[in-house]
Amino acid sequence: MNGKITALIAGALAILATGLLISGVSPMEATKTLFQGSLGSLGAFSGTLKETAPLLILGLGVYIALKAGLFNIGVEGQFLVGATLAATVGLRVQGPVGILLSILVACLGGMLWALPAGLIKAYRNGHEVITTIMMNYVAGRFTDFLVQGPLKAAGSQEASTADLATDTRIPALINSGAFELGWSICVGVIGVIMLWFWMRKTVAGYELQAVGANPTASKFAGISAKKIQVWAMSLSGGIAGIAGAFQVLAYEGRFYQGFSPGYGFDALGVALLAGNSAIGLIPASLLFGILAKGGVSLQANGVPKGITSVVLGAMILVAASIRFRSVKSGD
Amino acid sequence: MTFAVELLGISKHFGAVAALDNVSLSVEKGTIHALVGENGAGKTTLMRVLYGALQPDSGEVKLDDQPHTFKNSKDAIQHGIGMVSQHYGIIPALTCLQNLILGAEGGPIVKVSEAKKRADELAKRMGFEFDWDSDAETLSPAGAQKLEILKLLWRNAKVMILDEPTAMLSPSDSEALFASLRKLVDEGATVILVTHRLPEVMDHCKTVTVLRGGKLISSHPVSEVTDRSLAELIVGGSLVEPPVIEPVRDLGIALDISKIVVKDDRRHDVLKGLDLQVKRGEVVGIAGVDGSGQRELFQALLGVRKIDSGSVSIDDQEVTNWSSAKRLQFGLRLIAEDRHEEGVIEDWSLEDNAILGLQRLEPIQKSLFISTPDRHKWAEVVAEKFSTKHGGLNQPMRTLSGGNQQRFVAARALEMSPKLILAFQPARGLDLNGTADVYAAIREKCKAGASALVVSFDLDELLIHCDRIVAMNRGELRQPKPEEARDRQAIGRLMVGAQ
């Protein structure tokens, strides 16, 4: 799998180069800009990690559901619900207690937002892709409404909550001025390692993966597939909610309209690229982070930022087709 | 002697494996020709070559003395060669008529009345009766089999290949099938019968060809062979002796099913107050045509299908409302009917599959965790029990052949202290000696205090291996009279609901 990921990255870069040539920019120059802008300095790398953090945690959420055989497209909505709740709680309860309470409430909110999709899938066989997409729309519009009205900061020009007090924010773990390492990325990495261990070593992890691989065989092996589907979907939503809380508490300090640039959708790509091991989430999210951060530098040099999305799209297609081939050749 | 079909010197390799090595087969026109051999002997491959679904590496196919190369099965059917495979190609949602003509409608617009007229003529010729407008899902297995044969006649097949046609039929339905096949043969058609049921060969076929390991072993008129000599040719050595059935000592009741009512997937009562007792140490076989309620009974016993009323006790412990996880922990073990869907996870390694269903049992589970060394040791035990051929315990399950998967799944159910073994076609896909091995292992566990309930669609298999046989028909169990307890005909009658 690692060899394949390397090949994918090379392929993606080739596509990027071709695209740049067509738009009349020197590929070498642009690639240099991309990497300098994302990895070239401690400051740039800090920015890359900041972009990576929400993608890593959200990717983790998508990955758990994926392993139980569910495609949770709803992490975007669960992320927004978590972020709104975290900002709301954080503005009312301050200090470390406020931080913990915000995270907890955001997690519960994300779980509840995902729960209907899990229940409908398990007990009514309604496809989770459809229900989670629908819940995304509801979450998007509903949080827009809240931040335009009830939650809008008094006297604010834009649709935004007030800023959190400094003592209700999560400080950086390391901040040397030039380099900043946030708590979010650490939480993400620890979460990935815990999940990896849980999947490999525990009976519950084994049963969850069995449901994902073959629900009928799981049923005959004494596993309650329906319960596990509901739990996996809720857990996935809870993790997305936590990602929302960290985005508010560690980076943004508030919730506003247009809070997510589509992290929830990029996270689908992260989880798909991660492959068979949860550890794969780390390089996959970092790759997304590099392209996102580097894309900003490209834009500053007159290259449309969208080129990086094209690269990601191409890579996901290639990854999906590699997977498809390995399924076919198994027959 | 004129041959309808001749296959001369056929060889076919898959990678480095020779599936067929210089095999020849000559089928006399107007006869039933049996093709026998163990799983993997090359029977199906040879038939697929004849049917045009596979191209041989070398060799020649002759039809009425003319060499032919069939590009595909459509080409073959146009030349009058048709095959009914073991899994019927009937689409349940279509009507019988639609199934009959599917793919051979004779034009873009179906002339229903003309089609029905011809369908009636064909059915009458064979002595079958069909309600052409009813949905095919209402057909019994025997009805579906008949429809498959009519499908070949509809396409003017002159050579019919039937792959294990009686696997799902009751003895009386099988007799009726052979009566119709004789009729066809008398009219000049030719039938190639692929089977593992030797009595069928002895009673109904004129010639028998034996394959083993992709090679032609012999081709004889049936009059020159016996049951026993044929079986030894198939196995290529001596047979495992069948078990001596001794009376079971009375050690109490291990499984007590009392008046259970269970619904099928369409919410109809399929088991209407079923009773059954199995003694400790006893191997009880349930004979019956597929779809008589065996599936629902097993699912209810395992706890994956709701029991509406009645009770089930195992070793005097009522388990009616227990989850399947709890039942498995208590000592219930299952050899599932549908191995691919219910028994294994094909993408997973053998080692991961070895604990499927046992994942919450000692010593596999240690508090919240799976004990990896114990899992590995256990997987080795499972693979060795029936000598599963595999390329490493870390290889995916799908790399195993069907027979080897079955060995693995059977060992998994038998080797971890079972109390009650539920075995649905435990010898599915196994050769004669493999079958004997699995049943011997079930018997050994029962001698050590377990009990077993076995479902098979092959009555002969149950007669050889079980202590006692009950017949199942439309969700009801019938005990044969004591003096007819091992009488094939009597049990066969009970299977179809006759007295």
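Residues numbered from 1 in each chain as written. Chains lettered and ligands numbered in written order. Predicted model: local features only at pLDDT ≥ 70, side-chain atom pairs only at ≥ 80, totals over all residues. Heavy atoms only, no water.

Comments concerning the overall build of chain B
Along chain B, the regular secondary structure elements total 17 helices and 22 strands. Scaling as 2.2 N^0.38, a compact globule of 499 residues should have a C-alpha radius of gyration of about 23 Å, and chain B matches this with 24 Å. For chain B, the spread of C-alpha atoms along the three principal axes comes to 70 × 50 × 45 Å. Within chain B, buried positions represent 54% of all 499 residues. Contacts in chain B between residues at least 24 apart in sequence constitute 68% of all its contacts with a sequence separation of at least 6. Here chain B displays about 21900 Å² of accessible surface, and carbon together with sulfur accounts for 49% of that area. (Helix = DSSP H or I, 4+ residues; strand = E, 2+ residues; numbered from the N terminus. Rg over C-alpha atoms; globule rule 2.2 N^0.38 Å. Buried < 20%, exposed > 50% of the residue type's maximum accessible area, 1.4 Å probe, protein only. Contact = heavy atoms within 4.5 Å. Areas by Shrake-Rupley, 256 points an atom, 1.4 Å probe, with all protein chains shown as cover.)

Thoughts on the interface of chain A and chain B
Taken residue by residue, the interface counts 18 residues in chain A and 26 residues in chain B. Buried area between chain A and chain B, summed over both chains or domains, comes out near 2000 Å², and the portion from carbon and sulfur atoms is 62%. For the pair chain A and chain B, the number of links is one salt bridge. For B:Arg360, the salt bridge goes to A:Glu207, with nearest N and O atoms at 2.9 Å. Scanning the region where chain A abuts chain B turns up eleven residue pairs in polar contact (both at pLDDT 80 or more). Mapped onto the side of chain A that touches chain B, the elements with two or more residues apiece are helix H7 (183-201), helix H8 (203-213) and helix H9 (215-220) of chain A. The leading source of residues in the side of chain A that touches chain B is H8(A), at six residues. (Buried area = accessible area lost by both parts, 1.4 Å probe. Salt bridge = Lys/Arg side-chain N within 4 Å of Asp/Glu carboxyl O. Polar contact = N/O pair within 3.5 Å; in protein donor to acceptor, adjacent residues only side chain to side chain.)

Describing the nonpolar core
Core analysis: the largest hydrophobic core is formed by 127 residues, its most contacted members being A:Leu58, A:Tyr63, A:Phe259, A:Leu281, B:Trp378, B:Ile442 and B:Ile469. Element by element, the count of residues in this core is highest for helix H10 (residues 225-252) of chain A, at eleven residues. Those residues in contact with A:Leu281 that lie beyond four places of it in its chain are A:Leu56, A:Gly59, A:Leu60, A:Tyr63, A:Val192, A:Val270, A:Ala271 and A:Ala274. Grouped together as the second largest cluster of nonpolar side chains are 51 residues, B:Ile90, B:Ala115, B:Ala144 and B:Ala231 included. (Core = buried A, V, L, I, M, F, W, Y, C linked by side-chain atoms within 4.5 Å.)

Here we look at the sheet that holds strand E11 (residues 253-263) of chain B
Residues and elements named next belong to chain B. Ordered in space as E12-E11-E14-E15, the four strands form an open sheet in which the pairing is antiparallel. Edge positions in the sheet fall to strand E12 (269-279) and strand E15 (317-318), since each of these pairs with one other strand and no more. As judged from the two bridges shared by strand E14 (residues 307-314) and E15, these two strands associate in the antiparallel manner. Residue Ser313 lies in a different strand from E15, and its bridge partner there is Glu318. (Pairing = 2+ DSSP bridges.)

Looking at the packing of aromatic side chains
This model, assessed by the stated rule, comprises twelve aromatic pairs over all chains. Of note, B:Lys326 hangs over the ring of B:Trp322, and the distance from its end group to the ring centre comes to 4.4 Å. (Phe/Tyr/Trp six-rings, centres within 6.5 Å; stacked < 30°, edge-to-face > 60°. Lys NZ or Arg CZ within 6 Å of the ring centre and 35° of its normal.)

Overview of the confidence of the model for chain B
Summarising the model, chain B shows a mean pLDDT of 88, and 99% of its residues fall at 70 or more. Model confidence for the complex: the whole-complex pTM is 0.83, and ipTM, which rates the interface, is 0.84. (pLDDT = per-residue confidence, 0-100.)

Looking at helix H14 (residues 402-414) of chain B
All names here are of chain B. When the terminal C-alpha atoms of H14 are compared, their 18 Å separation across 13 residues agrees well with the 18 Å that a helix rising 1.5 Å per residue should span. Counting buried residues in H14 gives twelve out of 13 residues, a clear majority hidden from the surface. Within H14, burial applies to Gly403, Asn404, Gln405, Gln406, Arg407, Phe408, Val409, Ala410, Ala411, Arg412, Ala413 and Leu414. Buried residues along H14 sit in contact with strand E16 (332-335), helix H11 (339-343), helix H12 (350-354), helix H13 (372-385), strand E19 (420-424) and helix H15 (432-447). (Expected span 1.5 Å × (residues − 1).)

As for the pairing of strand E13 (residues 283-288) of chain B
Successive residues of a regular strand alternate their side chains across the two faces of the sheet. Residue and element names in this part refer to chain B. With six of its six residues buried, E13 lies for the most part within the structure. Side-chain alternation along E13 places Val283, Gly285 and Ala287 on one buried face and Val284, Ile286 and Gly288 on a second face that is also buried. Of the strand pairs in this sheet, E13 and strand E20 (residues 451-456) are connected by five bridges, and their pairing is parallel. Looking at the pairing, Gly285 lines up with Val454 of E20.

A closer look at the environment of B:Thr138
All names here are of chain B. Relative to the helices and strands, Thr138 resides in the loop between helix H4 (112-126) and helix H5 (141-154). Residues Thr138 and Val283, spaced 145 residues apart in sequence, show a C-alpha to C-alpha distance of 33 Å. At 2.6 Å, the side chain of Thr138 forms a polar contact with the backbone oxygen of Asp135.

Quick look at the packing of H5(B) against helix H6 (residues 171-186) of chain B
Residues and elements named next belong to chain B. Close contact between H5 and H6 brings their axes to 11 Å; oriented N to C, the two are set at 15°. The angle between H5 and H6 falls in the class roughly parallel. Every pair of crossing elements has a handedness; the one defined by H5 and H6 is right-handed. Contact with H5, carried on its side by Ala142, Gln145, Ile149 and Leu153, involves Asp173, Leu177, Leu181 and Leu184 of H6 and no other residues of that element. Each residue belonging to the contact of H5 with H6 can be placed in one class, and the counts come to six nonpolar, one polar and one charged. (Axes fitted to C-alpha atoms, helices over the stretch in contact; angles between N-to-C directions. Parallel < 35°, antiparallel > 145°, perpendicular 65-115°, else oblique. Left-handed = near helix turned anticlockwise from the far one by under 90°. Nonpolar A, V, L, I, M, F, W, Y, C, P; charged D, E, K, R; others polar.)

Re the side chain of B:Ser174
All names here are of chain B. Considering the arrangement of structural elements, one finds Ser174 in helix H6. Look at Ser174 and you get buried, because its relative accessible area is 9%. The contacts of Ser174, once residues within four sequence positions are left out, are Thr166 and Leu169.

Brief notes about the sheet that holds strand E10 (residues 215-221) of chain B
Residue and element names in this part refer to chain B. If you walk across this open sheet you meet the six strands as E6-E7-E8-E3-E9-E10, and the pairing is mixed. Whereas interior strands pair on both sides, the edge strands pair on one side only; in this sheet they are strand E6 (81-84) and E10. Strand-to-strand, the axes of this sheet are offset by a mean angle of 20°, without reference to chain direction. Bridge analysis of strand E3 (residues 32-36) against strand E8 (residues 190-194) gives four bridges, and the strand direction is parallel. Each residue of the ladder has a partner; that of Leu35, found in E8, is Val194. H6 contacts E3, strand E7 (159-163) and E8 of the sheet and is inclined by roughly 145° relative to E8.

Section: the environment of A:Ile64
Residue and element names in this part refer to chain A. Of note, Ile64 is situated in helix H3 (residues 42-67). Considering only alpha carbons, one finds Ile64 and Leu195, 131 residues apart in sequence, at a separation of 8.2 Å. With residues near it in sequence (within four places) discarded, Ile64 still touches Leu195, Leu208, Ala232, Leu235 and Ile239.

Side note on unusual backbone geometry
All names here are of chain B. For the bond running from Glu362 to Pro363, omega is -5°, close enough to zero to count as cis. Secondary-structure assignment places Pro363 in the loop between H12 and strand E17 (365-366). We note that Asp315 has phi near 45°; this positive angle belongs to a residue other than glycine. The exposure class of Asp315 is partly exposed, given its relative accessible area of 23%.

Some details on H3(A)
Residue and element names in this part refer to chain A. With 26 residues, H3 extends 35 Å from end C-alpha to end C-alpha; this agrees with the ideal 38 Å at 1.5 Å per step. Thr52 marks the point of greatest bend in H3, at about 30°, and the proline Pro54 comes within the next four residues. For H3, the buried fraction is high: 19 of the 26 residues fall into the buried class. In the segment just after H3, Gly69 is the residue with positive phi, at about 85°. (Bend = angle between axes of the 7 residues up to and from the residue.)

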